[in-house]
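Okay, here's what each chain looks like letter by letter:
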Amino acid sequence: MYTDQELIIRPILEQDMDRLWELIYKDEQPEWKKWDAPYYPHRAIPYEQFIETMHDWIGNTSMWVIEVSGGVRGIISYYWEHEPSKWLEMGIVLHEGQSWGKGIGTRALKLWIAHLFHTMPLVRVGFTTWSGNERMIRVGEKLGMQLEAKIRKVRYYEGHYYDSIRMGLLREEWEALNNE
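Residues numbered from 1 in each chain as written. Predicted model: local features only at pLDDT ≥ 70, side-chain atom pairs only at ≥ 80, totals over all residues. Heavy atoms only, no water.

Would you mind showing me how to read the pattern of salt bridges here?
Between side chains of opposite charge, a pair can form when the charged atoms approach closely. Inspection of the entire model under this criterion finds 11 salt bridges. Residues Glu-96 and Arg-19 are paired through a salt bridge, measuring 2.7 Å at the closest nitrogen-oxygen approach. Linking Glu-96 in the loop between strand E5 (87-94) and helix H4 (104-119) with Arg-19 in helix H1 (residues 17-24), this pair joins segments that are 77 residues apart in sequence. A salt bridge links Glu-89 to Arg-124; the nearest nitrogen and oxygen atoms lie 3.0 Å apart. With a gap of 35 residues between them, Glu-89 in strand E5 and Arg-124 in strand E6 (residues 124-130) connect regions that are remote in the sequence. The two residues Glu-89 and Arg-124 agree in class, both being buried. Because the salt bridges share partners, they merge into one network encompassing Arg-19, Glu-22, Arg-73 and Glu-96. (Salt bridge = Lys/Arg side-chain N within 4 Å of Asp/Glu carboxyl O. Helix = DSSP H or I, 4+ residues; strand = E, 2+ residues; numbered from the N terminus. Buried < 20%, exposed > 50% of the residue type's maximum accessible area, 1.4 Å probe, protein only.)

Explain the side chain of Lys-33 here, please?
Looking at the secondary structure, you find Lys-33 in the loop between H1 and helix H2 (47-51). Lacking a salt bridge, the buried Lys-33 has Asp-36 as its closest oppositely charged neighbour, with an N-O distance of 4.5 Å. Within the structure, Lys-33 has its side chain in polar contact with the backbone oxygen of Ala-37 (distance 2.9 Å). (Lys, Arg positive; Asp, Glu negative; His and termini not counted. Polar contact = N/O pair within 3.5 Å; in protein donor to acceptor, adjacent residues only side chain to side chain.)

What is the right way to read the layout of surface pockets from this model?
Rolled over the atoms, a probe with the dimensions of a water molecule shows which regions are left empty. Its boundaries defined by the atoms lining it, the largest pocket holds a volume of some 1,100 Å³. Around the largest pocket sit 43 residues that line it, and Asp-36, Ile-92, Val-93, Asn-133 and Met-136 are the ones nearest its centre. Those elements that provide at least two residues to the lining of the largest pocket are strand E4 (71-82), E5, H4, E6 and helix H5 (134-142). Residue composition of the lining of the largest pocket, grouped by class: 23 nonpolar, 12 polar and 8 charged. Here the second largest pocket defines a volume of roughly 180 Å³. Forming the walls of the second largest pocket are Glu-28, Gln-29, Pro-30, Lys-33, Lys-34, Pro-38, His-42, Tyr-157 and Glu-158. Per-class residue counts for the lining of the second largest pocket are 3 nonpolar, 2 polar and 4 charged. (1 Å grid on protein atoms, 1.4 Å probe; cavity = no way out; pocket = protein on both sides within 12 Å on 5 of 7 lines; lining within 4 Å. Points joined across faces, edges and corners; volume = space filled by probe spheres on them. Nonpolar A, V, L, I, M, F, W, Y, C, P; charged D, E, K, R; others polar.)

Teacher, can you tell me more about the packing of aromatic side chains here?
Aromatic rings in a pair are described by how distant their centres are and how their planes are angled relative to each other. Enumeration according to the criterion identifies 14 aromatic pairs in this entry. Judged by centre distance (6.5 Å) and plane angle (90 degrees), the ring pair of Tyr-25 and Trp-57 falls under edge-to-face. One end of the pair, Tyr-25, is in the loop between H1 and H2; the other, Trp-57, is in helix H3 (residues 54-57), and 32 residues separate them in sequence. Neither residue differs from the other here; Tyr-25 and Trp-57 are each classed as buried. Taken together through their ring pairs, the aromatic side chains of Tyr-2, Trp-64, Tyr-78, Trp-80 and Trp-112 make up a single cluster. Stacked on the ring of Trp-35, the Lys or Arg Arg-135 has its end atom at 5.0 Å from the ring centre. (Phe/Tyr/Trp six-rings, centres within 6.5 Å; stacked < 30°, edge-to-face > 60°. Lys NZ or Arg CZ within 6 Å of the ring centre and 35° of its normal.)

What is the right way to look at the side chain of Arg-124 in this model?
Given the relative accessible area of 15%, Arg-124 is considered buried. Among the polar contacts listed, one links the side chain of Arg-124 to the side chain of Glu-148, at a separation of 2.6 Å. At a separation of 3.5 Å, a polar atom in the side chain of Arg-124 contacts the main-chain carbonyl oxygen of Met-167.

Below, the structure is given as structure tokens:
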């Protein structure tokens, strides 16, 4: 568990499952999906079906919850792009609009990056987003990340093409920024 005032990132517990279903799978077209890779389909899942996957969520080291003032607001995660070379990508979703634009995502990702660098022999962490998600790009910039790739016009959404954006941060850059 990592904390920054009232914000906590921590592993998923059984008591989080109802809230996670509500945030992620209850609605067919949730607001958060307009920003999180909206060019991929999303579908609602009945609670009973979701709860059957509980063992995939609880204690999963690659996906934690973001808790603010005692309430679960979203998830933070990582996945291996190529594990043998330690190429890790991370992601974050704050599922409620009232959590957006308050610095919560930046603070949560800062804690997550610290966790990843402290617990894994990584040289770099990064994420991939799309040019339509300007908030996520700003979060990367605030954290000292560099634009590493821009693949032009490969994400089609609501009649427009957008760029795929990759941002990354090297361990030595992180350490210099955070005096580690």
